[in-house]
Amino acid sequence: MTFAYQNPFSHSFVPEIWDADLLTQFDPLLVWASGLVSNNKYDGTIAKQGDVVHINSLLRPSVGDYKLPDGMTAQRPETVDQKLPVTEAKYLQVLVENAERVQVASGLDSPVNQQMIRALAREADTFMANVIASAATPLPNVKASASNTPQALYGAVLDMMLALDDNDVPDGRYVVISPRVKRHLIEHPAVANAAAYGEGGVTANGVVARLAGFTVLSTTAMPKGVDIVAGHPSFATYASQFTGFRQGQSEKYRADYIDTLHLYGGKVVRFPELDTKKPDNTFDEAKPTKGIVKAAVDWAPVA
């Protein structure tokens with residue numbers, strides 16, 4: 001198929017194939033919004049900003065004692081509704097002198113497009129970082145002195161492991177750390193000698209190591225006042241959709257534009273056995289979730 005703007009002898013530009021390319025290049029740049037930290041069960045259900053995805057949680061029925069002559073009492077299934085609003089709408093637009101020139105410049109691999117994709121990824125990741133950290137249960141600050149910093153940080157990770165163990169949070173956990181925490185944590189022998197550290201591909205999505213049942217990730221997109229966050233991807237959901245690429249003639253410049261719109265939203269998901277249900281059959285989201293914990297580090301003064 002040849003488009004109106006194209007030379008009939010050169011028509012390799014196909015906008016429709018760019019969606020998959022963008023997702024391929026976008027996803028590895030994410031940490032908080034990656035599948036290691038947030039689930040993406042509701043991708044593909046978004047049409048526009050302002051959409052609301054409803055998430056129903058089924059309450060666990062109570063177990064009764066069977067006695068004669070009382071018999072059994074049936075229970076009706078009860079659900080709790082949670083709403084995931086699609087609050088964000090971010091765009092990426094590129095101007096080129098003609099659309100075919102994009103193909104010559106390697107399409108999305110061009111330096112300009114790569115930087116714009118990174119900017120979109122950063123926006124999404126920072127958004128999810130704040131969603132997750134704002135609902136996490138705070139643990140005591142980590143006291144890091146000049147002599148014990150690696151051990152103090154390692155101990156904090158173990159404390160987070162215990163906190164999640166106490167609430168029966170399943171395997172497949174993550175811990176996200178700031179670059180400064182990573183700098184000192186990898187001095188601890190348990191991390192420095194971890195089999196995963198340094199293996200091929202270990203830096204994808206910011207992965208540093210695997211430790212105490214956690215996949216350890218590091219990012220500069222840390223929420224303010226937070227140095228370590230640990231949890232399980234079941235407790236946060238990130239719904240994301242690119243609405244497809246458009247191309248056309250710019251009204252302002254003698255150039256073609258190519259753009260896409262990124263719609264997304266995020267939410268910390270509540271569970272009936274861990275969170276407080278309100279009388280209106282919703283969860284009390286003012287209280288932190290027990291499935292995600294966070295801590296700040298009190299750093300020793302630099303001499």
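So, here's what we can say about the structure. (Residues numbered from 1 in each chain as written. Predicted model: local features only at pLDDT ≥ 70, side-chain atom pairs only at ≥ 80, totals over all residues. Heavy atoms only, no water.)

Of regular secondary structure, the chain possesses six helices and 14 strands. If you sum the accessible surface of the chain, you get close to 16,400 Å²; carbon and sulfur atoms cover 53% of it. (Helix = DSSP H or I, 4+ residues; strand = E, 2+ residues; numbered from the N terminus. Areas by Shrake-Rupley, 256 points an atom, 1.4 Å probe, with all protein chains shown as cover.)

What follows deals with the nonpolar core. With 63 residues, the main nonpolar core has F26, W32, M128, I132 and I228 as its most contacted residues. At ten residues, the largest contribution of residues to this core is made by helix α3 (residues 111-134). In contact with F26, other than residues within four places in its own chain, are I117, L120, A121, A124, Y238, F242 and H262. Listed in part, the five residues of the second largest apolar core include V53, I55, L84 and A239. (Core = buried A, V, L, I, M, F, W, Y, C linked by side-chain atoms within 4.5 Å. Buried < 20%, exposed > 50% of the residue type's maximum accessible area, 1.4 Å probe, protein only. Contact = heavy atoms within 4.5 Å.)

For the rest of this paragraph, the subject is helix α4 (residues 149-166). Taking 1.5 Å as the rise per residue, α4 with 18 residues should run 26 Å; its terminal C-alpha atoms sit 26 Å apart, in good agreement. Where α4 terminates, the next one or two residues include D168, which has phi positive at roughly 55°. (Expected span 1.5 Å × (residues − 1).)

Before going further, it helps to examine a nonpolar patch on the surface. A surface patch of nonpolar side chains, about 450 Å² in accessible area, is lined by Y66, L68 and M72. Considering the arrangement of structural elements, one finds Y66 in the loop between β1 (52-58) and β2 (79-85). (Patch = residues over 30% accessible without salt bridge, like charges linked within 9 Å, V, L, I, M, F, W, Y side chains within 5 Å. Salt bridge = Lys/Arg side-chain N within 4 Å of Asp/Glu carboxyl O.)

The six strands are arranged β4-β13-β9-β6-β8-β7 in an open sheet whose pairing can be described as mixed. Taken across any chain shown, the strands that pair with only one partner, and hence form the sheet edges, are β4 (136-138) and β7 (207-211). Adjacent strand axes in the sheet meet at a mean angle of 25°, parallel and antiparallel pairs treated alike. Note: strand β6 (residues 173-177) against strand β8 (residues 214-218), five bridges, orientation parallel. When the sheet's bridge partners are listed, I177 is paired in β8 with S218. Packed on one face of the sheet, α4 meets β6, β7, β8, β9 (228-231) and β13 (289-295) and runs near 170° to β13. (Pairing = 2+ DSSP bridges. Axes fitted to C-alpha atoms, helices over the stretch in contact; angles between N-to-C directions.)

We now examine the environment of L139. Here L139 shows up in the loop between β4 and β5 (142-144). Given the relative accessible area of 24%, L139 is considered partly exposed. With 90 residues separating them along the chain, L139 and V229 place their C-alpha atoms 9.9 Å apart. When sequence neighbours within four positions are dropped, the list of residues in contact with L139 reads M160, V293, K294 and A295.

What follows covers the packing of aromatic side chains. Considering all chains together, one arrives at three aromatic pairs under this definition. On the numbers, 5.4 Å between centres and 75° between planes, the contact of F127 with Y264 is edge-to-face. Remark: Y264 occurs in strand β12 (residues 256-268) and F127 occurs in helix α3; sequence separation between them is 137 residues. Accessibility classification places F127 together with Y264 in one group, the buried group. Seen from their ring centres, F235 and F271 are 4.8 Å apart, and the 55° between their planes marks the pair as tilted. Here F271 lies in the loop between β12 and β13 and F235 lies in the loop between β9 and β10 (236-242), a separation of 36 residues in the sequence. Take F235: its relative accessible area is 4%, and that puts it in the buried class. Classification of F271 as partly exposed rests on a relative accessible area of 29%. Through a chain of ring-to-ring contacts, three or more aromatic side chains come together here, namely F127, Y238 and Y264. For the cation-ring pair, R180 lies above W299, with the distance from its terminal atom to the ring centre recorded as 4.2 Å. (Phe/Tyr/Trp six-rings, centres within 6.5 Å; stacked < 30°, edge-to-face > 60°. Lys NZ or Arg CZ within 6 Å of the ring centre and 35° of its normal.)

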